Amino acid sequence: MKLYLDFQPCQECNTMMAELSSPEMLFADAKTRADESAKFLRHLTYNHDEVVKAVMNDLPKQKRDQEPGFYK
Ligand SMILES: [Zn+2]
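Structure report, in brief. Treat the numbers as computed from the prediction; the structure is a model and nothing was measured.

**What about the overall build of the protein?**
- What the protein contains, in helices and strands, is four helices and zero strands.
- Listed by position from the N terminus, the elements making up the protein come as α-α-α-α.
- By the burial criterion, 1% of the 72 residues in the protein qualify as buried.

Quick look at the structure:
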């Protein structure tokens, strides 16, 4: 899943994003990477609800594209 988000990352975001893209993390096992991603998503949920809202606003649009008859 790819998300392009437009928001102001705080210091904690920057730290976690740096950790997620660090060589150690790239070579870590899948579970460690999943844990780190989950941690970052949790942080976004609790500290940057504008990001969560942006993602939620995007979802109905995708659903509409997939189900053309649904909203008629
Ligand atoms: Zn943050």
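**Focus on the environment of E36**
- For E36, the position within the fold is in helix 3 (residues 30–47).
- Under the C-beta neighbour-count criterion, E36 is labelled partly exposed, with 16 such atoms within 10 Å.
- Along the backbone, E36 and L20 are 16 residues apart, and their C-alpha atoms lie at a distance of 6.9 Å.
- With near-sequence residues (within four places) excluded, E36 lies in contact with E19, L20 and M25.

**Some thoughts on the packing of helix 1 (residues 11–20) against helix 3**
- Contact geometry of helix 1 with helix 3 gives a least axis separation of 10 Å together with a crossing angle of 160 degrees. On the basis of their axis angle, the class for helix 1 and helix 3 is roughly antiparallel. Crossing angle aside, the handedness with which helix 1 passes helix 3 is left-handed. Two secondary-structure elements touch here, helix 1 through E12, C13, M16, E19 and L20 and helix 3 through E36, S37, K39, F40 and H43.

**Quick notes on helix 3**
- Relative to the 26 Å expected for 18 residues at 1.5 Å per residue, helix 3 spans 25 Å between its end C-alpha atoms, a close match to the ideal helical length.
- Counting buried residues in helix 3 gives one out of 18 residues, a small share hidden from the surface.

**Topic: the environment of F40**
- Structurally, the position occupied by F40 is in helix 3.
- Judged by C-beta crowding, with 17 C-beta atoms within 10 Å, F40 ranks as partly exposed.
- The spacing of F40 and L20 is 20 residues in sequence and 8.9 Å in space, taken between C-alpha atoms.
- When neighbours within four sequence positions are excluded, F40 is seen to be in contact with M16 and L20.

Each value, and the rule that gives it
- Residues numbered from 1 in each chain as written.
- Predicted model: local features only at pLDDT ≥ 70, side-chain atom pairs only at ≥ 80, totals over all residues.
- Helix = DSSP H or I, 4+ residues; strand = E, 2+ residues; numbered from the N terminus.
- Buried ≥ 20, exposed ≤ 12 C-beta atoms within 10 Å, placed from the backbone.
- Contact = placed C-beta atoms within 7 Å.
- Axes fitted to C-alpha atoms, helices over the stretch in contact; angles between N-to-C directions.
- Parallel < 35°, antiparallel > 145°, perpendicular 65-115°, else oblique.
- Left-handed = near helix turned anticlockwise from the far one by under 90°.
- Expected span 1.5 Å × (residues − 1).

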